[in-house]
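Observations on the three-dimensional arrangement
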Amino acid sequence: MPTTQSYDAIIVGAGFAGLYMLHRLRRLGMRAQVYEAGSDVGGTWYWNRYPGARCDVESMQYSYSFDDALQQEWSWSERFASQPEILRYAGHVADRLDLRRDIQFDTRVTSAHFDAKRALWQVATDRGDRVTARFCVMATGCLSAARLPEIPGRDSFAGPTYHTGAWPHEGVDFTGRRVAVIGTGSSAIQAIPVIARQAAHVTVFQRTPNFSIPSRNAPMDAEYENWWKSDYAAHRAKARAMRTGILYGLNDKSALEVSEEERQAEYERRWANGGTAFMGAFSDLITNRQANDTAAEFVRNKIRGMVRDPKVAEILAPKSHPIGTKRICVDTEYYETFNRPNVALVDVAATPIEAITPAGVRTAAGEVAVDDIVFATGFDAMTGALAAIEIRGRDGIDLAAKWAEGPRTYLGLMSAGFPNLFMITGPGSPSVLSNMIVSIEQHVDWLTDCIAHLRARGLDTIEPTQEAEDGWVAHGNEVAHRTLYPSAASWYMGANIPGKPRVFLPYIGGVGVYREKCDAIAAAGYEGFRLGGQNQAAAAE
Ligand code: NAP
């Protein structure tokens with residue numbers, strides 16, 4: 001039944017961000033309502049059910065830290081948790097904290113308008129709900145707006161098509177089928193080996209090769225689990241201070257200050273260990289091109305060693321961007337999969353896709369007939385889910401219009417002109433460059449304290465000043481351009497969406513540094529924010 005209720009807060013999304021936000025607001029004694037487009041909790045883990053989907057942050061670190069009993073009682077079965085296990089975990093948390101009773105599923109928020117006279121957000125859904133709330137929290141996820149490329153004839157294909165980010169819940173049986181996979185990002189790199197083991201034939205259409213590090217995934221080591229659990233609080237505290245919010249060994253040496261032997265030994269050691277910690281091999285891999293080249297060449301040589309056909313190996317070996325400047329991938333037997341007789345690689349950079357036909361995919365080199373097409377073509381990252389909602393702030397200002405030249409936020413938490421509208425892990429915060437759960441907890445905790453601060457003082461609104469926002473945007477750009485990241489045509493830069501402004505979307509200053517900044521701003525009475533009562537809100541109209 002559609003409602004016309006009034007709440008203290010509306011939360012959009014029931015992924016890890018929305019679930020924790022709901023829990024914290026309830027603890028403040030607030031009435032919060034969550035709207036979720038899916039039929040259950042889990043967010044990204046609810047939608048991304050493609051074969052092989054797995055987190056590449058270690059499971060001991062990819063979980064909530066706010067409740068010690070919760071982190072002690074839950075056991076992960078593998079070093080890197082699979083999508084079904086993470087989804088079970090999200091469900092477990094929802095049950096344990098009795099969260100579902102305040103979540104309305106199968107409901108998309110379509111608009112959020114700020115009523116300045118009453119200092120309230122008016123929120124509408126596709127189910128006809130018309131509700132108001134003082135606070136509106138966008139827990140909409142960074143990689144939730146799945147994107148299909150504009151390829152001529154895309155909808156003319158006669159067989160089934162799938163997007164990795166909106167995978168059928170019943171699964172897909174590829175037995176005996178010829179499958180095209182378009183894209184070679186993290187999702188494809190996980191899915192291709194699994195699909196290739198089942199399908200009759202797989203053709204991979206690669207436009208840009210990616211660097212991928214073996215995961216070395218394995219059943220959870222009891223001793224390792226015990227090490228974490230015996231002092232979880234201290235380990236988590238260390239992780240929170242790291243650049244990525246992930247606890248792993250960082251070498252503080254430059255790749256260029258050590259001998260060739262020492263450099264290779266360090267890369268070998270991290271390659272053997274597996275996972276994204278490879279990028280911690282030296283301190284300057286993301287800031288110095290020459291240093292970066294040594295790591296990139298190491299991985300290229302590994303690819304050449306794993307892939308038997310030298311021509312295929314060269315096509316798979318990335319040369320167009322520094323390692324790590326597009327999201328580093330983590331795999332299980334990705335490169336080896338190209339040694340299988342039932343797997344073919346099409347270099348779309350050399351022979352671009354011209355069209356999708358009823359029978360398959362046509363490139364400049366000819367048509368490949370297939371039964372199924374898997375689009376592993378990514379997302380309208382960081383801004384896509386927000387742009388899909390009509391968000392109007394003070395004076396009817398439209399968020400998407402305000403962000404036409406790139407997102408503008410203060411701390412990635414709020415945008416000027418949109419009082420009481422919060423983003424969890426929004427653009428301008430470390431978000432996708434970090435362990436998402438660490439960043440989510442930090443934002444939710446900060447926000448909860450902020451709302452408690454307002455309530456304790458009888459204040460109704462908080463909004464960043466234009467000056468603070470401009471300063472943060474400039475700072476974010478400045479820090480990003482000290483690194484090699486902007487040199488890659490990545491989704492971090494909006495480069496995967498034709499026409500999207502090329503702006504570095506996340507904050508690269510590091511999770512630990514960012515946390516200190518947020519805390520200092522709060523301690524200084526929310527520096528850079530304007531706090532107001534209802535009367536001030538109306539007067540400012
Ligand atoms: P993605 O990294 O954006 O990759 C999309 C792929 O599709 C790219 O290879 C892209 O090529 C290709 N593509 C797009 N349009 C195309 C076209 N018209 N023709 C040919 N190729 C096209 O998307 P994703 O793999 O879904 O990953 C997105 C992010 O989700 C990751 O970077 C990561 O942050 C997260 N993720 C994490 C995990 C994990 O934790 N293990 C797993 C999956 C995803 P170009 O590079 O040339 O544009």
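First, a word on what this report is: a plain description of the structure on this page. (Residues numbered from 1 in each chain as written. Predicted model: local features only at pLDDT ≥ 70, side-chain atom pairs only at ≥ 80, totals over all residues. Heavy atoms only, no water.)

Inspection of the entire model under this criterion finds 3 cavities of 30 Å³ or more. A volume near 150 Å³ is recorded for the largest cavity. Lining of the largest cavity is provided by 14 residues; of these, Pro407, Gly428, Val473, Phe504 and Leu505 occupy positions nearest its centre. Across the lining of the largest cavity, the residue classes tally to 9 nonpolar, 4 polar and 1 charged. Approximately 70 Å³ is the volume attributed to the second largest cavity. As for the second largest cavity, its lining consists of Met138, Thr140, Gly141, Cys142, Met382, Ala385, Leu386, Met423, Ile424, Thr425, Gly426 and Pro427. Of the residues in the lining of the second largest cavity, the class split is 8 nonpolar, 4 polar and no charged. (1 Å grid on protein atoms, 1.4 Å probe; cavity = no way out; pocket = protein on both sides within 12 Å on 5 of 7 lines; lining within 4 Å. Points joined across faces, edges and corners; volume = space filled by probe spheres on them. Nonpolar A, V, L, I, M, F, W, Y, C, P; charged D, E, K, R; others polar.)

Next up on the list: the environment of His321. Structurally, His321 is set in the loop between α10 (310-316) and β11 (329-331). Judged by relative accessible area, which is 4%, His321 ranks as buried. Measuring from C-alpha to C-alpha, the distance between His321 and Gly275 comes to 20 Å, with 46 residues separating the pair along the chain. Residues in contact with His321, not counting those within four places in the same chain, are Thr208, Pro209, Asn210, Phe211, Lys326 and Ala488. (Helix = DSSP H or I, 4+ residues; strand = E, 2+ residues; numbered from the N terminus. Buried < 20%, exposed > 50% of the residue type's maximum accessible area, 1.4 Å probe, protein only. Contact = heavy atoms within 4.5 Å.)

What follows covers the site of the ligand. Around the ligand there are 23 residues in total, and Arg54, Ser187, Arg207, Thr208 and Lys326 lie nearest to it. Arg54 places a polar main-chain atom, nitrogen or oxygen, 2.8 Å from a nitrogen atom of the ligand. The side chain of Lys326 places a nitrogen or oxygen atom 2.8 Å from an oxygen atom of the ligand. Protein contacts shield 88% of the accessible area of the ligand, which totals 910 Å² for the unbound molecule. Top contributing element to the shell around the ligand by residue count: helix α5 (residues 186-198), with 3 residues. (Near = heavy atom within 4 Å. Polar contact = N/O pair within 3.5 Å; in protein donor to acceptor, adjacent residues only side chain to side chain. Areas by Shrake-Rupley, 256 points an atom, 1.4 Å probe, with all protein chains shown as cover.)

Here the focus is the side chain of Arg49. By the secondary structure assignment, Arg49 is in the loop between α2 (44-47) and α3 (68-73). In this structure the side chain of Arg49 is engaged in a polar contact, spanning 2.5 Å, whose partner is the backbone oxygen of Tyr46. Setting aside residues up to four positions removed in sequence, Arg49 forms contacts with Gln83, Leu87, Thr164, Trp167 and His169.

If you check the backbone angles, Glu333 has positive phi at about 60 degrees while not being a glycine. As for its position among the elements, Glu333 is in the loop between β11 and α11 (334-337). The backbone of Met382 shows a phi angle near 70 degrees, a positive value even though the residue is not glycine. Among the structural elements, Met382 can be located in the loop between β16 (372-375) and α12 (384-387).

This brings us to the sheet that holds β16. The strand order across the open sheet formed by 5 strands is β7-β16-β8-β9-β12, and the pairing between neighbours is parallel. Pairing within the sheet leaves two strands with one partner each, and these edge strands are β7 (161-163) and β12 (343-347). Averaged over all adjacent pairs, the angle separating strand axes in this sheet is 20 degrees, with direction ignored. Alignment of strand β9 (residues 201-206) against β12, held across 5 bridges, turns out to be parallel. Counted as the bridge partner of Val204 is Leu345 from β12. Where α5 meets the sheet, it contacts β8 (178-182), β9, β12 and β16, and its direction lies at approximately 170 degrees from that of β8. (Pairing = 2+ DSSP bridges. Axes fitted to C-alpha atoms, helices over the stretch in contact; angles between N-to-C directions.)

Glancing now at the packing of aromatic side chains. A complete count under the given rule lists 39 aromatic pairs for this structure. The interplanar angle of 35 degrees and the centroid separation of 6.0 Å between the aromatic rings of Phe16 and Tyr89 together place this pair among those described as tilted. Of this pair, Phe16 sits in helix α1 (residues 16-27) while Tyr89 sits in helix α4 (residues 83-96), and the two are 73 residues apart along the sequence. Residue classification places Tyr89 among the buried positions, given a relative accessible area of 2%. Look at Tyr507 and Tyr514: their rings are 5.8 Å apart centre to centre, the planes differ by 45 degrees, and that puts the pair in the tilted class. Residue Tyr507 shares its accessibility class with Tyr514, and that shared class is buried. An aromatic cluster of at least three residues, connected via ring pairs, comprises Phe16, Tyr20, Trp45, Tyr62, Tyr64, Phe66, Trp74, Trp76 and Tyr89. (Phe/Tyr/Trp six-rings, centres within 6.5 Å; stacked < 30°, edge-to-face > 60°.)

Let us now look at α5. Where α5 bends most, the angle comes to about 30 degrees, and this point is Ile192, followed within four residues by the proline Pro193. Buried within α5 we find Ser187, Ala188, Ile189, Gln190, Ala191, Ile192, Pro193, Ile195 and Ala196. (Bend = angle between axes of the 7 residues up to and from the residue.)

This part is about the sheet that holds strand β15 (residues 366-369). If you walk across this open sheet you meet the 3 strands as β13-β14-β15, and the pairing is antiparallel. Bordering the open sheet on either side are β13 (353-356) and β15, each of which pairs with just one other strand. Neighbour-to-neighbour, the strand axes of the sheet open up by a mean angle of 20 degrees, direction not taken into account. Two strands pair when backbone bridges link them, and β13 and strand β14 (residues 360-363) are joined in this way by 3 bridges, in the antiparallel orientation.

Let us look at the layout of surface pockets. Within this model, the second largest pocket holds a volume of roughly 310 Å³. For the lining of the second largest pocket, the element with the highest residue contribution is helix α8 (residues 260-273), accounting for 3 residues. When its residues are assigned to classes, the lining of the second largest pocket shows 7 nonpolar, 6 polar and 5 charged.

The subject of this paragraph is the pattern of salt bridges. What the rule picks out here adds up to 36 salt bridges. Close ionic contact of Arg327 with Asp56 constitutes a salt bridge, the shortest N to O distance being 3.1 Å. Of this pair, Arg327 sits in the loop between α10 and β11 while Asp56 sits in the loop between α2 and α3; the two residues are 271 residues apart in sequence, bridging distant segments of the chain. Classification of Arg327 as partly exposed rests on a relative accessible area of 27%. In this structure, Asp380 engages Lys500 in a salt bridge whose closest nitrogen and oxygen atoms are separated by 2.6 Å. With Asp380 in the loop between β16 and α12 and Lys500 in the loop between α15 (466-480) and α16 (511-523), this residue pair connects regions lying 120 residues apart in the sequence. Among the ionic contacts, a cluster of salt bridges with common partners joins Glu297, Arg300, Arg304, Glu314 and Lys319. (Salt bridge = Lys/Arg side-chain N within 4 Å of Asp/Glu carboxyl O.)

Once that is clear, we can look at the packing of α8 against helix α9 (residues 289-306). A pair of packed helices can be characterised by two numbers: the angle between their axes and the separation between those axes. Direction vectors running N to C along α8 and α9 enclose 55 degrees, while the axes themselves pass 11 Å from each other. The orientation of α8 with respect to α9, classified from their angle, is oblique. When you trace α8 past α9, the crossing you get is right-handed. Within the contact between the two elements, α8 uses Arg263, Gln264, Tyr267, Glu268 and Trp271 and α9 uses Ala291, Thr294, Ala295, Phe298, Val299, Lys302 and Met306. For the contact of α8 with α9, the residue count by class is 7 nonpolar, 2 polar and 3 charged. (Parallel < 35°, antiparallel > 145°, perpendicular 65-115°, else oblique. Left-handed = near helix turned anticlockwise from the far one by under 90°.)

Note that all results are geometric; they support no functional claim without further evidence.
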